[in-house]
Amino acid sequence: MITRKRLAAGVCALLAALTAGVAFPAGAAAGEPTGQDAPKVDLVLDVSGSMRARDIDGQSRMAAAKQAFNEVLDATPEEVELGIRTLGANYPGDDRKTGCKDTAQLYPVGPLDRTEAKTAVATLSPTGWTPIGPALLKAAGDLDGGDGSKRIVLISDGEDTCAPLDPCEVAREIAAKGIGLTIDTLGLVPTAKLSRQLSCIAEATGGTYTSVEHQDELTDRVNQLVDRAADPVVTPVPAEGAAECAKAPALKSGLYTDREEFGQQRWYRVDVLPGQELRASVSVAADRAVNPAHGVLLRAVTTHGREIVRGEAAGDGRTDVISTGLRHPEPERDDADGDKPAAQTVCLAVTHSLSPASGVKTTPGLPLELTVDVVDGPSQAGDVASFGLGRGWWLLGALILTGFLAGLVWGWLSRWRVAVWRTN
């Protein structure tokens, strides 16, 4: 799932829907929310020694976080299953190997007992290291299972101290699993380095990053993110594209997520009945530093290799998501025996020209979201282009008629003025 503005996951799907004019069918299909499982949120709190600093409204960062958590726990919607995980809360020593394992589940993800959760938060005291990467891996495990929305909210006041397990790479690995998990990050009085790291973590999964310097800002933002988890979401379904159409997975209407390596081409197949129209769009997110001037190409091809239609878009590096789409109506036809015509297989090929900046890892591949919708094709002439003008034909006709009437009026006024001049 890709899904941030890509922004994380919400920007990528909106651009895809606008590009192809997609409207999801009413029945449950791939990528649609089913409402079977409760939304889950895991609050991951940094309890390292630096949380003793007293620079948030005259109190320590730890005290501000505790107060915010108490207010958030009171406001958590009943339908949300919430848990709390800590990092750096238990080991006060100097052994790096031990300190980088210091992450624990303070309150398990599940139905919320507010009194029990508040009691657990009250026991926290700033202690040790900042193992963000290991904590994210464990938090992803806390949310494992089910098809409801899953969200990690990471709150930290310092960058990870346990490299080479880069937390940004950990977030990309989590996104590559296609489990529909979003990571939002909040930086308490952040430095430039911390802001870059937390932004990278959020962007990898389509989440958001927020800088926080006041206690009420922290409370409001965490409340927003917990409430957002309860909103209905469309979770992309993992679909592993193939290197050729013959081996490509068959897709139905829905939203799909995949990973595409640099210089790679991904193929998918869609069956379209006569009289139906295929609408497809793709968004590729640059979740790491890439060179400017790139593009994405989506092609619809027959099984024999003949290109039907294509959609393409170019980017200049100012945004981290690039999208394009296409439409292909399959014409009506009748079989000689009167049987129902067979569906035609359309191959969709996705190619992008993004290239990694110097020193940037190329694996896993870039996040890709593919929207597929097969709908009834246009049956009225008004929905088909007329002389290449589509519905603009009516506007052109109105302009011609208006011009004609204006010419008649102007001609009559001119003749009247000449007649008056002659008379005088």
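Residues numbered from 1 in each chain as written. Predicted model: local features only at pLDDT ≥ 70, side-chain atom pairs only at ≥ 80, totals over all residues. Heavy atoms only, no water.

## Some points on the state of the cysteines
Selection rule: Our working definition of a disulfide is a cysteine sulfur pair at a distance within 2.5 Å. Secondary structure elements follow DSSP: runs of H or I no shorter than four residues count as helices, runs of E no shorter than two count as strands, and numbering proceeds from the N terminus. Three exposure classes are used, based on accessible area relative to the maximum for each residue type with a 1.4 Å probe and protein chains only: buried under 20%, partly exposed in between, and exposed over 50%.
Scanning the entire structure with this criterion turns up 3 disulfides. Put simply, Cys 168 and Cys 200 are joined by a disulfide, and their sulfur atoms are 1.6 Å apart. Between Cys 168 and Cys 200, the disulfide has an S-S torsion of -50° and is therefore left-handed. Pair noted here: Cys 168 is in helix α6 (residues 167-176) and Cys 200 is in helix α7 (residues 192-204), with a separation of 32 residues, a long-range link. No difference in accessibility class separates Cys 168 from Cys 200, as the two residues are buried. A disulfide bridge connects Cys 245 with Cys 347, and the sulfur atoms are separated by 1.8 Å. Torsion about the S-S bond of the Cys 245 and Cys 347 cystine: about -65°, corresponding to left-handed handedness. Placement of the pair is Cys 245 in the loop between β7 (237-238) and β8 (250-251) and Cys 347 in strand β15 (residues 344-352), with a sequence separation of 102 residues. For the pair Cys 245 and Cys 347, one class covers both residues: buried. Across the chain, the way the bonded cysteines pair up, counted in sequence order, is 1-2, 3-4, 5-6.

## Side note on the confidence of the model for the chain
What counts here: Per-residue confidence from the prediction method is given by pLDDT, with values spanning 0 to 100. What makes two residues a contact is simply this: any of their non-hydrogen atoms within 4.5 Å.
This prediction gives the chain a mean pLDDT of 83; 84% of its residues lie at or above 70. In the model, residues 1-29 has pLDDT below 50 throughout and makes 86 contacts with residues more than four positions away in sequence or in other chains.

## Some points on the sheet that holds strand β5 (residues 181-188)
Stated precisely, the cut-off is as follows: When DSSP finds two or more bridges between two strands, those strands count as paired. Think of each axis as a best-fit line through the C-alpha atoms, taken over the contacting stretch in the case of a helix, with angles from 0 to 180 degrees between the N-to-C directions.
Reading across from one edge, β3-β2-β1-β4-β5-β6 is the order of the 6 strands in this open sheet, with mixed pairing throughout. Across the chains shown, the open sheet's two edge strands, defined by having one partner strand only, are β3 (103-110) and β6 (209-212). Pairwise comparison of adjacent strand axes, ignoring direction, gives a mean angle of 15° for this sheet. Here strand β4 (residues 150-156) pairs with β5 via 7 bridges, running parallel. Bridge assignment links Lys 150 to a residue of β5, and that residue is Leu 181. Across the sheet, helix α2 (residues 61-75) is in contact with β1 (40-46), β2 (81-87), β4 and β5; its angle to β1 comes to roughly 165°.

## Here's the deal with unusual backbone geometry
For the bond running from Thr 363 to Pro 364, omega is -5°, close enough to zero to count as cis. On the secondary structure map, Pro 364 appears in the loop between β15 and β16 (366-376). For Asp 57, which is not glycine, the phi torsion reads 55° and is therefore positive. Within the secondary structure, Asp 57 sits in the loop between β1 and α2. In this structure Asp 57 comes out as partly exposed when scored by relative accessible area, which is 47%.

## A look at a negative patch on the surface
This is how the line gets drawn: Patch criteria: residues need more than 30% relative accessible area and no salt bridge. Like-charged residues are merged within 9 Å; nonpolar side chains of Val, Leu, Ile, Met, Phe, Trp and Tyr are merged within 5 Å. Per-residue and other accessible areas follow the Shrake-Rupley method at a 1.4 Å probe size, with only the shown protein chains counted as cover for residues. Salt bridge criterion: a side-chain nitrogen from Lys or Arg within 4 Å of a carboxyl oxygen from Asp or Glu. The convention is simple: Lys and Arg are positive, Asp and Glu are negative, and His and the chain ends are not counted. To locate a charge, take NZ of a lysine, CZ of an arginine, CG of an aspartate or CD of a glutamate.
Together, Asp 57, Glu 71, Glu 213, Asp 216, Glu 217 and Asp 220 line one region of the surface with negative charge. Per-element tally for the negative patch: the top contributor is helix α8 (residues 215-230), with 3 residues. With respect to the helices and strands, the residue Asp 216 is situated in helix α8. Owing to a relative accessible area of 44%, Asp 216 belongs among the partly exposed residues under this scheme.

## With respect to the environment of Gly 145
Tracing the chain through its elements places Gly 145 in the loop between α5 (132-142) and β4. Sequence-distant contacts of Gly 145, that is, excluding residues within four places in its chain, are made with Lys 40 and Lys 150.

## Thoughts on the pattern of salt bridges
As enumerated under the stated definition, the model contains 13 salt bridges in all. Ionic pairing is found between Asp 157 and Arg 61, a salt bridge with its closest N-O pair at 2.7 Å. Remark: Arg 61 occurs in helix α2 and Asp 157 occurs in the loop between β4 and α6; sequence separation between them is 96 residues. Under the relative-accessibility criterion, Arg 61 is labelled buried at 10%.

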